[in-house]
Amino acid sequence: GAGVSQSPRYKVAKRGQDVALRCDPISGHVSLFWYQQALGQGPEFLTYFQNEAQLDKSGLPSDRFFAERPEGSVSTLKIQRTQQEDSAVYLCASSIQTSPNSYEQYFGPGTRLTVT
Amino acid sequence: ILNVEQSPQSLHVQEGDSTNFTCSFPSSNFYALHWYRWETAKSPEALFVMTLNGDEKKKGRISATLNTKEGYSYLYIKGSQPEDSATYLCASTVAQKLVFGQGTRLTINP
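Below is a short write-up of the structure. Every chain's residues receive numbers from 1 upward, in the order its sequence appears when written. Note on labels: chains are lettered from A, ligands numbered from 1, in written order. Two thresholds apply to this predicted model, a pLDDT of at least 70 for residue-level local features and 80 or more for giving and counting side-chain atom pairs, whereas whole-chain, interface and lining totals are computed over all residues. Side-chain numbers come from the whole structure's heavy atoms, not from hydrogens or water.

### Brief notes about the overall build of chain A
Inference 1: Only DSSP runs of H or I with at least four residues qualify as helices, and only runs of E with at least two residues qualify as strands; both kinds are numbered from the N terminus onward. Secondary structure summary: chain A contains zero helices and eleven strands in total.
Inference 2: Computation of the radius of gyration draws on C-alpha atoms alone. For the globule rule, the value is 2.2 Å times the number of residues to the power 0.38. Radius of gyration (C-alpha) of chain A: 13 Å, near the 13 Å computed for a compact globule of 116 residues.
Inference 3: Each principal axis of the C-alpha atoms in chain A carries an extent, and together these give about 40 × 30 × 25 Å.
Inference 4: For each residue, the accessible area found with a 1.4 Å probe, counting protein chains only, is set against the maximum for its type, and the residue is called buried under 20%, exposed over 50%, and partly exposed in between. Looking at chain A as a whole, 47% of its 116 residues are labelled buried.
Inference 5: Sequence separation of 24 or more characterises 53% of the internal contacts of chain A that already satisfy a separation of 6 or more.
Inference 6: Using the Shrake-Rupley algorithm and a 1.4 Å probe, accessible areas are obtained, with residue cover drawn only from the displayed protein chains. In the form shown here, chain A has an accessible surface area of approximately 5,700 Å², with 46% of it arising from carbon and sulfur atoms.
Inference 7: When the 11 basic and 11 acidic side-chain charges of chain A are each reduced to a single mean position, those positions are 8 Å apart. Here, residues are in contact when the closest pair of their heavy atoms is within 4.5 Å. In this tally Asp and Glu are treated as negative and Lys and Arg as positive; neither His nor the chain ends contributes. Lysine's charge is taken at NZ, arginine's at CZ, aspartate's at CG and glutamate's at CD.

Structural data, given as structure tokens:
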């Protein structure tokens, strides 16, 4: 079956530009996560949805970052007025489970954002 | 603050040799430990999810062990092949989200 897909795969933005990154989770997966991976570091949590509800956005680095999942399926991560420090790979993951335990997250290939 | 640490950060291994690397994590409030393999330009691929102290899992030439009391996990690769070249990430589950280490970048030399 189809895995998690993300688009675009690569995005170059000029500083100050707004960008929107899309994630299509695995069909039927209730939970959706966004992570940011800066060069040389491990992925870091940004935000988490259960269906359309954003249950945790504690990892969003500033109010320029906004995520939504209006119908509980596709999610969009929007970054306003991009800065150079926003350059990173943005990973999306989905999971079938809703309980606060150990279940596997399935990742997309990521969107590599470069801000010039 | 939850810190997950991996060592070494990078590793070069001769084809055919076996290797292992380490993930350490806080042992309090432990839920699960995940290992992923991430090849360039691809999606991170789940290798193992482990929850029980003493757990050992195996997938082909790759295996992993878990010690939740002391807060560490080892990943072993037996008879390394060029296709094993990748970054290996471990992560601990904290309230649904994953907290990752920095990864171990493995390069297999033919």
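### Some thoughts on the interface of chain B and chain A
Inference 1: With 20 residues of chain B at the contact, the number on the chain A side is 29 residues.
Inference 2: The junction of chain B with chain A conceals about 1,800 Å² of combined surface from both sides, 57% of it contributed by carbon and sulfur atoms.
Inference 3: Accessible surface is computed with a 1.4 Å probe, and the buried area is the amount of it that two parts give up when combined, taken over both parts together. The largest per-residue losses of area from chain B upon contact with chain A belong to W38, Q96 and K97 of chain B, which jointly make up 34% of the total buried on that side.
Inference 4: A pairing counts as a salt bridge when a side-chain nitrogen of Lys or Arg comes within 4 Å of a carboxyl oxygen of Asp or Glu. Among the ionic pairs, K97 of chain B bridges to D56 of chain A, the shortest N-O distance being 3.9 Å.

### Observations regarding the packing of aromatic side chains
Inference 1: Geometry of aromatic contacts follows a simple scheme: Phe, Tyr and Trp rings, the Trp one being its six-membered ring, pair when their centres are within 6.5 Å, and the pair is stacked under 30 degrees between planes, edge-to-face over 60, tilted otherwise. The full count for this structure, using the stated rule, is 13 aromatic pairs over all chains.
Inference 2: Residues Y35 of chain A and F107 of chain A carry aromatic rings whose centres are separated by 5.6 Å and whose planes lie at 45° to one another, so their mutual orientation is tilted. With a gap of 72 residues between them, Y35 of chain A in strand β4 (residues 31-37) and F107 of chain A in strand β10 (residues 106-107) connect regions that are remote in the sequence.
Inference 3: With a relative accessible area of 6%, F107 of chain A lands in the buried category.
Inference 4: By the ring-pair criterion, three or more aromatic residues cluster together here, those being F33, Y35, F45, Y48 and F107 of chain A together with Y36 and F100 of chain B.

### As for the sheet that holds strand β8 (residues 75-79) of chain A
Residue and element names in this part refer to chain A.
Inference 1: When DSSP finds two or more bridges between two strands, those strands count as paired. Read from one edge of the open sheet, four strands run β1-β3-β8-β7, paired in antiparallel fashion. One side of each edge strand has no neighbouring strand; the edge strands of this open sheet are β1 (5-7) and β7 (65-68). Direction aside, neighbouring strands of the sheet carry axes that sit 15° apart on average.
Inference 2: Note: β7 against β8, four bridges, orientation antiparallel. Across the sheet, the residue bridging to A67 is L77, located in β8. Structural elements are reduced to axes, namely lines fitted to C-alpha atoms, with helices fitted over the stretch in contact, and the angle between N-to-C directions of any two is expressed from 0 to 180 degrees.

### Some thoughts on the pattern of salt bridges
Inference 1: One pass over the structure, following the stated rule, counts eight salt bridges over all chains.
Inference 2: The closest approach of N and O atoms between R22 of chain A and D24 of chain A, which form a salt bridge, is 2.7 Å.
Inference 3: A network of salt bridges, in which partner residues are shared, links R37, E45 and K59 of chain B.

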